[in-house]
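One-letter residues, chain by chain:
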Amino acid sequence: MPCLSTIASKLTTLAHLTQLHSRIIVSSLYNNNFCASLLITHSTRFHAPPSYARCIFDSVPIPNVVLYTNMCSFYIHCAAYYDAISLFVKMRRDGAVSMDAFVYPVVIKAAVEAGEGSVVVHAEVVKLGLGNDRFVRNAVMDGYAKMGKMDGARKVFDEMPERVVADWNAMISGYWKWGYEKEACELFGLMPERNVVSWTVMVTGFSKVKDLERARRYFDQMPERTVVSWNAMLSGYAQNGFKEMAMGLFDEMLRDGVMPDETTWVTVMSACSSRGDPSLAKVFVRTINERKIELNFFVRTGLVDMYAKCGKLEEAKRIFDELQGCRNSVTWNVMISAYMRVGDLVSARDLFSKMPMKNVVSWNSMIAGYAQNGQSPLAIELFKEMVAIVHPKPDEVTVISVLSACGHLGALEFGIRVANFVRNAQIQLTISGCNALIFMYSKCGSMVEAQRIFQEMPVRDVVSYNTLIAGLAAHGYAKETVDLLSEMEQEGIHPDRLTYIGILTACSHAGLLEEGRRVFRSMETPLIDHYACMVDLLGRVGKLEEAVNLVESMPMEPHAGVYGSLLNASRIHKKVEIGELAAEKLFELEPHNSGNYILLSNIYATARRWDDVERIRSLMRSKGVVKSTGWSWVENDGKLHKFIAGDRSNELSEAIYKLLVELRRKLRVAGYVTDKSCALTDIEDEEKEEMVGVHSEKLAICFALLVCEKGSVIRVVKNLRVCSDCHVSIKMISKLERREIIVRDNNRFHCFKDGICSCNDYWLVMG
């Protein structure tokens, strides 16, 4: 048997371990407690799949306490804490195994990591008379400390008849974990003796509170260092954004002849990944190759992540393919996230479909990837699939992504379902989760609910304020956004770039020039986006000369947003020359943005300069610029129904057009006259009337009137700006049909009720 231990200690890969396992089976030793314990110990070392280790355990008919303990340790090593607890329960229930002091430190660790606490286990060890064992006692104290029960931990520490260095280290580590810097430093100063762990705990602690100077001082004062000490300092630099310092320390580590371990490699790879520098990744890999270091699958997974984040997707996929049977869920998730990051949704979905075991991170990577790549409907559909399965269940990260998707789509009905799911599943939302709810309600036109969530939050951050401000701005509530600015300053939260963009946008939508000027002047250093907002505000209220002067006096080169604001102002006030100037700049900055060409074409059409209209259209054709198709959609029964102008693809098309004809009749009786200027083309008036009459938002509203519950609010999302004819029509429809209609276009919300729009028709004049 001792010979077997020697052989096992020389193994270097999981493949070698499986070969040894085969020899043990051939030798009829497979059901032996010693052999099984040995195999599980080395399975832990090589990160073997849990199913393999459990197979070894189950091969022994009567496991002893050592085998149980080793199997529990394996589960803890791969974060399967509940499996470890279940095994311990089985061990007690069997009754054939005599419990000893060695199993309890392992069980306490599992209970703490699973969030179950160590109080119950502490009571049990005291009852069994094992409370004075120093290993058990240290585990109990460490358990209290890790759960944040520092008074309980200190009580156990103070009652110890004698203390070893490990006890001091556990107590100091607990203090650092929960932010008791003063107590940690005092206890370190009282230590009768220190070991390398004591110093390393202090380095880690100071790194955690971002005091890298003191962390390095303690590191330099260490009488001796292990690879763990180096890793602590490396992690401190990497996690606090000092990537160059981390790489410099890594070079120093290699020069000192210290052999890096898995944690070292992962930390350094993390530093390379966060910089996204392919050349740095190349140097790192060359260092590995020069030292002929054999990498296990854990480090290779880190390489996949590093290559992916450095834009070397082919290299990442090559290593991923080489791992084959050694891939775990982390490896799959890293590769899926990499594809999502570059927008390759098909490859990501293909990998996701092939995953043997999907965890919550796998689902979250896909759902977030869809949402972030503009595929919100796919994000929602995948969420529905996830909810339908038994395991894993959605968590807060899942919910945040789905709420974001609902917000972008304006899918309030499904967003409410998600909010109800959160409540029923008892998912505790953090600030980020509440912010996501505010975003969803705001983007879906339900500002009352958005404000309710905001007011109920016990703690708010700058994102909370920015999200609500952006929502209020889109609805034209300028005064409320300015009030929020004062409120956040009183709460000690500093406004950022997005805060001021939201407030200036609100002022622009409401035409509050002086208020906008005051806010703009109050900013220490306005950024380019703030100048764009100010140009938009000046342009909308007709101060075009002042807007042009502001553009010319900007301390930075104007971007497309600035000239876009100027072009839109030219459209509003029919200033052809300024529009041409802005468009010329935009054609240079955004040669393939169809919106700029269309705006200039519309300016020419309004001025009845049809030759120039045709010239712009010819320019678009020569450059391959295609006009964006206008569409509108409306939600019904959790599904989105999309319409384009003149659309007859919906199964209710016949009824929709029949209702549209009836509404036109009612509108004419009520005094409505088609605004033919919205058909910006040189055709006969009858054709213009027909073109304007079948705009996508009108079709969507007719569909909603047919299928939605009588008296319910109709919510429509449109990807382009609502034209003035549709604006007038919808106002009148809201009165005739006695329905509230909320339309979100690409600029703002329009809430139509009783023949009045929330924009107070300022939009009609100012665009």
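A brief structural summary. Every value quoted in this text rests on a predicted model; they were computed, and no experiment measured them. (Residues numbered from 1 in each chain as written. Predicted model: local features only at pLDDT ≥ 70, side-chain atom pairs only at ≥ 80, totals over all residues. Heavy atoms only, no water.)

**What about the overall build of the protein?**
Here's step 1: Regarding its fold elements, the protein presents 43 helices and six strands.
Here's step 2: Viewed in the frame of its principal axes, the protein has a C-alpha envelope of about 100 × 55 × 50 Å.
Here's step 3: With 767 residues in all, the protein has 50% of them scored as buried.
Here's step 4: Pairs at least 24 residues apart make up 61% of the contacts formed inside the protein by residues separated by at least 6 positions.
Here's step 5: Mean positive and mean negative side-chain charge positions of the protein (89 and 91 charges, respectively) differ by 3 Å. (Helix = DSSP H or I, 4+ residues; strand = E, 2+ residues; numbered from the N terminus. Buried < 20%, exposed > 50% of the residue type's maximum accessible area, 1.4 Å probe, protein only. Contact = heavy atoms within 4.5 Å. Lys, Arg positive; Asp, Glu negative; His and termini not counted. Charge placed at Lys NZ, Arg CZ, Asp CG, Glu CD.)

**Some points on the packing of aromatic side chains**
Here's step 1: Counting across every chain of the model gives 20 aromatic pairs.
Here's step 2: Ring geometry for Phe-320 against Trp-332: centres 5.2 Å apart, planes inclined by 90°, an arrangement best described as edge-to-face. You can see Phe-320 sitting in helix H20 (residues 313-323) and its partner Trp-332 sitting in helix H21 (residues 329-341), a full 12 residues away along the chain. An identical accessibility class is assigned to Phe-320 and Trp-332; each is buried.
Here's step 3: Relative to Phe-703, the ring of Phe-643 lies with its centre 5.5 Å away and its plane at 50°, an arrangement referred to as tilted. Remark: Phe-703 occurs in helix H41 (residues 696-707) and Phe-643 occurs in strand E2 (residues 639-644); sequence separation between them is 60 residues.
Here's step 4: The buried category is assigned to Phe-703, whose relative accessible area is 3%.
Here's step 5: Of note, Lys-358 hangs over the ring of Phe-352, and the distance from its end group to the ring centre comes to 5.1 Å. (Phe/Tyr/Trp six-rings, centres within 6.5 Å; stacked < 30°, edge-to-face > 60°. Lys NZ or Arg CZ within 6 Å of the ring centre and 35° of its normal.)

**With respect to the pattern of salt bridges**
Here's step 1: Summed over the entire model, instances satisfying the criterion amount to 35 salt bridges.
Here's step 2: Its salt-bridge partner being Arg-216, residue Asp-220 comes within 3.0 Å of it at the nearest N-O pair. Taken together, the residues span about one helical turn, with Asp-220 and Arg-216 both in helix H14 (residues 212-221) at a distance of four residues.
Here's step 3: The residue Glu-252 makes a salt bridge to Arg-216 at a minimum N-O spacing of 3.4 Å. In this pair, Glu-252 sits in helix H16 (residues 243-255) while Arg-216 sits in helix H14, placing the two residues 36 residues apart along the sequence.
Here's step 4: When salt bridges with common partners are traced through the structure, they connect Glu-580, Arg-609, Asp-612 and Arg-615 into a single cluster. (Salt bridge = Lys/Arg side-chain N within 4 Å of Asp/Glu carboxyl O.)

**Brief notes about unusual backbone geometry**
Here's step 1: With an omega dihedral of 0°, the bond running from His-391 to Pro-392 counts as a cis peptide bond.
Here's step 2: Position of Pro-392 relative to the elements: it lies in the loop between helix H24 (376-388) and helix H25 (396-409).
Here's step 3: The backbone phi angle of Lys-574 is positive, close to 55°, even though this residue is not glycine.
Here's step 4: Turning to its location among the elements, Lys-574 is positioned in the loop between helix H35 (560-573) and helix H36 (576-589).

**Some details on H14**
Here's step 1: Those residues of H14 not exposed but buried are Leu-212, Ala-215, Tyr-218 and Phe-219. For H14, the arc enclosing every buried residue in end-on projection is 125°, short of the 170-degree limit, so these residues lie on one face.
Here's step 2: Contacts made by the buried residues of H14 are with helix H12 (181-190), helix H13 (196-208), helix H15 (227-239) and H16. (Arc of directions from axis to C-beta.)

**As for empty space enclosed by the protein**
Here's step 1: The full count for this structure, using the stated rule, is two cavities of 30 Å³ or more.
Here's step 2: Together, Gly-410, Lys-443, Cys-444, Arg-715, Val-716, Val-717, Ile-742, Arg-744 and Phe-749 line the second largest cavity.
Here's step 3: Secondary structure elements with two or more residues in the lining of the second largest cavity: strand E3 (714-718) and strand E4 (741-744).
Here's step 4: The dominant element in the lining of the second largest cavity, judged by the number of residues it contributes, is E3, at three residues. (1 Å grid on protein atoms, 1.4 Å probe; cavity = no way out; pocket = protein on both sides within 12 Å on 5 of 7 lines; lining within 4 Å. Points joined across faces, edges and corners; volume = space filled by probe spheres on them.)

**Looking at the packing of helix H3 (residues 33-45) against helix H4 (residues 50-58)**
Here's step 1: Between H3 and H4, the least distance of the axes is 9 Å, while the angle of their chain directions is 170°. With respect to each other, H3 and H4 are oriented roughly antiparallel. Along its contact with H3, which presents Ala-36, Leu-39, Ile-40 and Ser-43, the element H4 presents Tyr-52, Ala-53, Ile-56 and Phe-57.
Here's step 2: Considering only residue class, the contact of H3 with H4 consists of seven nonpolar, one polar and no charged. (Axes fitted to C-alpha atoms, helices over the stretch in contact; angles between N-to-C directions. Parallel < 35°, antiparallel > 145°, perpendicular 65-115°, else oblique. Nonpolar A, V, L, I, M, F, W, Y, C, P; charged D, E, K, R; others polar.)

**Topic: the nonpolar core**
Looking at soluble globular proteins, one finds that nonpolar side chains tend to be buried together.
Here's step 1: One finds Ile-172, Phe-284 and Met-306 to be the most contacted residues of the largest nonpolar core, which totals 211 residues.
Here's step 2: In this structure, Met-306 is in contact with Met-269, Cys-272, Ser-273, Ala-281, Phe-284 and Val-285, ignoring residues within four places of it in sequence.
Here's step 3: Grouped together as the second largest cluster of nonpolar side chains are 31 residues, Phe-643, Val-694, Cys-708 and Cys-726 included. (Core = buried A, V, L, I, M, F, W, Y, C linked by side-chain atoms within 4.5 Å.)

**Concerning the pairing of strand E1 (residues 631-636)**
Here's step 1: Looking at chain direction, E1 and E2 are connected through six bridges and run antiparallel. Residue pairing across strands places Asn-636 opposite Lys-639, the latter belonging to E2.
Here's step 2: Of the strand pairs in this sheet, E1 and E3 are connected by three bridges, and their pairing is antiparallel. Residue Ser-632 lies in a different strand from E3, and its bridge partner there is Lys-718. (Pairing = 2+ DSSP bridges.)

**Some remarks on the layout of surface pockets**
Here's step 1: Considering only enclosed or pocket space, the second largest pocket measures out at about 1,600 Å³ in volume.
Here's step 2: Every residue lining the second largest pocket is counted, 48 residues in all, and those nearest its centre are His-47, Ala-48, Phe-297, Cys-326 and Asn-328.
Here's step 3: At four residues, helix H19 (residues 297-309) tops the list of elements feeding residues into the lining of the second largest pocket.
Here's step 4: Counted by class, the lining of the second largest pocket contains 29 nonpolar, 10 polar and nine charged residues.

**Thoughts on the environment of Tyr-180**
Here's step 1: Structurally, the position occupied by Tyr-180 is in the loop between helix H11 (165-177) and H12.
Here's step 2: Expressed as a C-alpha distance, the spacing of Tyr-180 and Gly-205, which sit 25 residues apart in the sequence, is 9.8 Å.
Here's step 3: Filtering out sequence-adjacent residues up to four positions away, Tyr-180 remains in contact with Met-150 and Tyr-175.

**A short note on the state of the cysteines**
Here's step 1: Summed over the entire model, instances satisfying the criterion amount to zero disulfides.
Here's step 2: The thiol of Cys-55 is not disulfide-bonded; the next cysteine sulfur, from Cys-35, is found 15 Å away.
Here's step 3: Of all cysteine sulfurs, the one in Cys-757 lies closest to Cys-751, which takes part in no disulfide; the gap is 7.1 Å.
Here's step 4: Judged by its relative accessible area of 17%, Cys-751 is buried. (Disulfide = S-S within 2.5 Å.)

**Let's talk about the sheet that holds E3**
In any sheet, the strands associate via hydrogen bonds between backbone groups, in a parallel or an antiparallel arrangement.
Here's step 1: Strand order in the open sheet made by the six strands is E2-E1-E3-E4-E5-E6, with mixed pairing throughout. Where the open sheet ends on each side, the last strands, each with one partner, are E2 and strand E6 (756-757).
Here's step 2: By the bridge criterion, four bridges tie E3 to E4 in an arrangement that is parallel. Residue pairing for E4: Val-717 is matched across the bridge by Arg-744.
Here's step 3: Its contacts with the sheet put H41 on E1, E2, E3 and E4, and the angle it makes with E1 is roughly 15°.
Here's step 4: Those strands touched by helix H42 (residues 724-736) are E4, strand E5 (749-753) and E6, and its axis lies near 35° from that of E5.

**Section: helix H23 (residues 360-372)**
Here's step 1: Here H23 spans 18 Å end to end across 13 residues, near enough to the 18 Å set by a 1.5 Å rise per residue.
Here's step 2: Judged by how many residues are buried, H23 sits mostly within the fold: 10 of 13 residues are covered.
Here's step 3: When H23 is considered as a whole, its buried residues turn out to be Ser-362, Trp-363, Asn-364, Ser-365, Met-366, Ile-367, Ala-368, Gly-369, Tyr-370 and Ala-371.
Here's step 4: Buried residues along H23 sit in contact with H21, helix H22 (345-354), H24 and H25.
Here's step 5: Count one or two residues on from H23 and you reach Gly-374, which has phi positive near 75°. (Expected span 1.5 Å × (residues − 1).)

These figures capture arrangement, not role.
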